[in-house]
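Survey of secondary and tertiary structure
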Amino acid sequence: MRGVSKRRQNVPPPPAPPPPSLKPKPIEQKPSTPQICSTETNTDSFSPWRICSRLISILKYLILILVIPPFLNYASLQREGPLLQPQEGQLIDVGLGQKLYLSCIGKGQPVVVFDAPTGMSSDVWLSIQKDVSLVTQACIYDRAGLGFSKKAFQNEETRPDKPWAQSTTGRMVDDLHGLVMEAKLQSPLILVGSELGTLNARFYAHIHNWEVSDLVLIDPIPEELFMEDVWLQYWYNELILHHQIRQFSAAIGLNRMLLITGLLQPAMTGENISKEFVMRQKYLLSNPAHLSTAVDEHFFINESISQVRDISHFKPLSSTTSVTVITGDHYDEQLPDSLNKVVFQFQQQFIAQNYPSVKWIRIKETDRRMIYRKPSDVAKHLKKLINKKRVKQESQ
């Protein structure tokens, strides 16, 4: 028994159970908000980082497209303007800093002054001017805001001596009269106008009748034409919209890019077109200020017509002023026949009511673009008129 008890005393005690392990409690993570423009890269093509990167790249290109072309276009216009202005022309101050471009070549009397169609520069007359200058002095000018002429300052819009609004016939005639006085052109003048230029020539002859001996109206605009819905729809919904789009594309520099790539070409083509002429037309197509004035002249045509109608009733044309009308087969060969017929119908009524004894000349196979597409045909009739005028003056 003692041996058994001793053995029991020598048996080691059972091992103690291990202490419970202290495991760290898991940390609860809050759901992270997605970051669209995270700095961490992700290979997934549809990841927010990739989308953000692409948006930033697109934004950079948009900024380049919207900022750089207009800036380069403006800088080019500032450099090209003085270089492209014809050397025979000059800028004449007609009052309070407003300068109009005038170019006179040739010598003799009567002096012929040309007024361009709606929204166009004096370049349209260059070929005719050169031809007519062989027999007398021929002058072309740019209306305010067109070509190389400057518009009046904004604070000059409401001058008491300038009651007419900008880009209307009354204001244009005031400017032209100031130009004639400052340039000291000898009167009486022969005024030659086309389209809007015919309204200006008529208005000038009614107000300053002692300064005008003859009127030559090329494709005159009849007042009643703008009472026809079909013509109003074409003029305001199509023609003006076209000029507004052209102005906007010039403002953002798009016109210059199209001209460089050859996708846009100057509209004026015809006999003996020089390289300088083409360069000036490209310059004007890239000039939003010029195109803005072109839009204004089209937009305010009804006000110009109203001014001419009022002055015609208030002060009739002098009986000593002769009138010649020149038209083509069509008003505009690019227009539908229905519109050309409307124009021709109202031109007939206009001539019969206002100038029953007028000499009406029709040049075949041409339209309103005859002044730069067939300038020799127009100049031929003008030189006949000038020679006839001289013979009459010598006989007196």
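Along each chain, numbering runs from 1 in the same order as the chain's sequence is written. Local features in this predicted model are restricted to residues of pLDDT 70 or higher, and side-chain atom pairs are both shown and tallied only at a pLDDT of 80 or more, whereas totals for entire chains, interfaces and linings draw on every residue. For side-chain calculations, the full set of non-hydrogen atoms in the structure is used, while hydrogens and water are omitted.

Lines fitted to C-alpha atoms define the axes, with helix axes restricted to the stretch in contact, and inter-axis angles between N-to-C directions lie between 0 and 180 degrees. Helical segments are the DSSP runs of H or I of at least four residues, strand segments are the runs of E of at least two, and each set is numbered from the N terminus. As a packed pair, helix α4 (residues 169-183) and helix α5 (residues 196-207) sit with axes 9 Å apart at the nearest point and diverge in direction by 65 degrees. One element, α4, and the other, α5, form an angle in the roughly perpendicular class. Here α4 and α5 pass one another in a crossing that is right-handed. Of the residues in α5, those in contact with T169, G170, M172, V173, L176, H177 and V180 of α4 are L196, L199, N200, F203 and Y204. Of the residues that constitute the contact of α4 with α5, the class distribution is eight nonpolar, four polar and no charged. Any angle between 65 and 115 degrees counts as roughly perpendicular, while under 35 counts as roughly parallel, over 145 as roughly antiparallel, and the rest as oblique. Should the near helix be turned counterclockwise from the far one by less than a right angle, the crossing is left-handed, whereas a clockwise turn marks it as right-handed. Working rule for contacts: check all heavy atoms of both residues, and any pair within 4.5 Å makes them a contact. Amino acids are sorted into nonpolar (Ala, Val, Leu, Ile, Met, Phe, Trp, Tyr, Cys and Pro), charged (Asp, Glu, Lys and Arg) and polar (every other residue, Gly among them).

Moving on: the packing of aromatic side chains. Under the pairing criterion, centres of Phe, Tyr and Trp rings, with the six-membered ring standing for Trp, must be within 6.5 Å; the plane angle then separates stacked pairs below 30 degrees from edge-to-face pairs above 60, leaving the rest tilted. Summed over all chains, the structure comprises 13 aromatic pairs. A centroid spacing of 6.3 Å and a plane angle of 90 degrees characterise the contact between F226 and W231, whose relative ring orientation is edge-to-face. Across this residue pair, the class does not change: F226 and W231 are buried. Summarising the aromatic geometry, the rings of F299 and F300 are spaced 5.3 Å apart at their centres and angled 90 degrees between planes, so their arrangement reads as edge-to-face. Taken together, F226, W231, Y234, W235 and Y331 form an aromatic cluster joined through their ring pairs. Look at NZ for Lys and CZ for Arg. If either is within 6 Å of the ring centre and within 35 degrees of the ring normal, a charge sits over the ring. Between the NZ or CZ atom of R362 and the centre of the ring of W360, over which it lies, the distance is 4.3 Å. Only protein chains enter the calculation, and the probe is 1.4 Å; a residue is then buried if its accessible area is under 20% of its type maximum, exposed if over 50%, and partly exposed in between.

This part is about unusual backbone geometry. A cis geometry characterises the amide bond from Q109 onward to P110, with omega recorded as 0 degrees. Within the element layout of this structure, P110 appears in the loop between β2 (99-105) and β3 (111-115). Backbone geometry places S167, a non-glycine residue, at a positive phi of 65 degrees. Of note, D219 is a non-glycine position whose phi angle comes to about 50 degrees, a positive value. The exposure class of D219 is buried, given its relative accessible area of 1%.

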